[in-house]
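Close look at the chain arrangement
The primary structure of each chain is shown beneath.
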Amino acid sequence: MPPKPNPPRLRPTHFLALTATPHLSKTPFPTSYTDFRTTATQPTHSLPPLAIRPIGTLHLTLCVLHLPTQSHVDGVKLELGKWMRARHTSHASPQPSPPHVESSSGTEPQPPSPPPPSETITPNINANTTTTAPLNPTPPQGIKTALKGLHTFPGGSLQKCRVLYISPTSHVPGEIQRVAESVREWMFRCEGHAGMVLSREEEEFVAKQQGVGGGEVGEGGSGSSSAGDSAGGGVQIKNEGGNKVAVAVEPPTSISTSTATSASEPALPPATLHMTVMNTVYAKPKGGHGHGHGRGHGRGRGGGGGRVGSSSSRGGSGSVEYSRDGYDVRQLVEEFKDFVWAEEVIFDKVELLKMGEVKVKRMNGDGEEVEDARYEVCGHVDL
């Protein structure tokens, strides 16, 4: 009997991010970014205007999540609060210790347990929800960070580029990276890995960490193992073309500690912290046929663009031919490789954001109303 096909990759619905609003607007960054947009869309570089991200959507991605129900969303918010309290009490990388909460039937999640008496509930007005915090928390300081340069992901082609990003450098060496890794590790060690949807590189790293053995995945799954067997799944190891990789599977309806990965070593590879400023997935036209060959693979954090369509992407002045193969950004990257976007930006929140940006209006530095976009905040913790 032929082996069963691998389960489809889960569609991200939410993501966790480090954000700097409104601190970003109080730096030279908005002016620098406007200049970048103008430069990038000029005939010299000819990037589609719609590929340049709205300033209100900019963030540092930590991980993307598949949270199909409100119970999953509430579970991640609960974990964020626990991570923050652990960070306050010990400035080392915290380890999760949430209780396993499920109904007697094992199918319906129960409401999160109330916080212990030593804690209070702090309203989160922006997210229309609540988060827990200690009675005497450390005053939020945030992470002072410089934003520099223009980059592509490792292994990416500058001649067929789909994504460009800015790199953060914290004033305290390594601070922002440590915070990012701490959040990611905490979430991954929860049951179902808190709904994390891993990249191919992360899947391969997890498979290696789990010491996946040989054997084909066939009827009965004799050649597979799960990174969260005791926790009900999240990442399942499959054999694809002779290679063992980890594939995300449906998360459970409640979140609890997974003992599948040792807390003494990283469960995930180091994150490439990035603030995406160009992603061609948002420039896909809505009708007809785009130019170029192959399929677009942009990592659209905001739910992606429209269907592949007409051969031009309009926005700003004129139009630019849309190419699914990407764009030659060698000259643009050379121009901005040492550019300092902002010397000091304070990233002071970890936010749970919903995929699918919404259009908004904002006032620019000249007091004029301009179009922008943002993501819906489902919950946050202050750093």
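Residues numbered from 1 in each chain as written. Predicted model: local features only at pLDDT ≥ 70, side-chain atom pairs only at ≥ 80, totals over all residues. Heavy atoms only, no water.

Before going further, it helps to examine the side chain of Glu202. Along the polypeptide, Glu202 turns up in helix H4 (residues 200-209). Using a relative accessible area of 13% as the deciding quantity, one classes Glu202 as buried. One polar contact links the side chain of Glu202 to the main-chain amide nitrogen of Ser199, over a distance of 2.9 Å. Discounting chain neighbours no more than four positions away, the residues touching Glu202 are Arg184, Val197 and Pro269. (Helix = DSSP H or I, 4+ residues; strand = E, 2+ residues; numbered from the N terminus. Buried < 20%, exposed > 50% of the residue type's maximum accessible area, 1.4 Å probe, protein only. Polar contact = N/O pair within 3.5 Å; in protein donor to acceptor, adjacent residues only side chain to side chain. Contact = heavy atoms within 4.5 Å.)

Before going further, it helps to examine the sheet that holds strand S5 (residues 143-151). By way of backbone hydrogen bonds, the strands of a sheet pair with one another, either parallel or antiparallel. Reading across from one edge, S10-S6-S5-S13 is the order of the four strands in this open sheet, with antiparallel pairing throughout. The sheet terminates laterally at strand S10 (275-279) and strand S13 (340-347), the two strands that pair on one side only. Across the sheet, the axes of successive neighbouring strands diverge by a mean angle of 25 degrees, strand direction being ignored. Relative to strand S6 (residues 163-170), S5 runs antiparallel, the two sharing five bridges. Paired with Lys148 across the two strands is Ser167, which belongs to S6. Its contacts with the sheet place helix H1 (residues 29-40) against S5, S6, S10 and S13, and it is angled at close to 135 degrees to S13. Packed on one face of the sheet, helix H3 (residues 175-188) meets S5, S6 and S13 and runs near 95 degrees to S5. (Pairing = 2+ DSSP bridges. Axes fitted to C-alpha atoms, helices over the stretch in contact; angles between N-to-C directions.)

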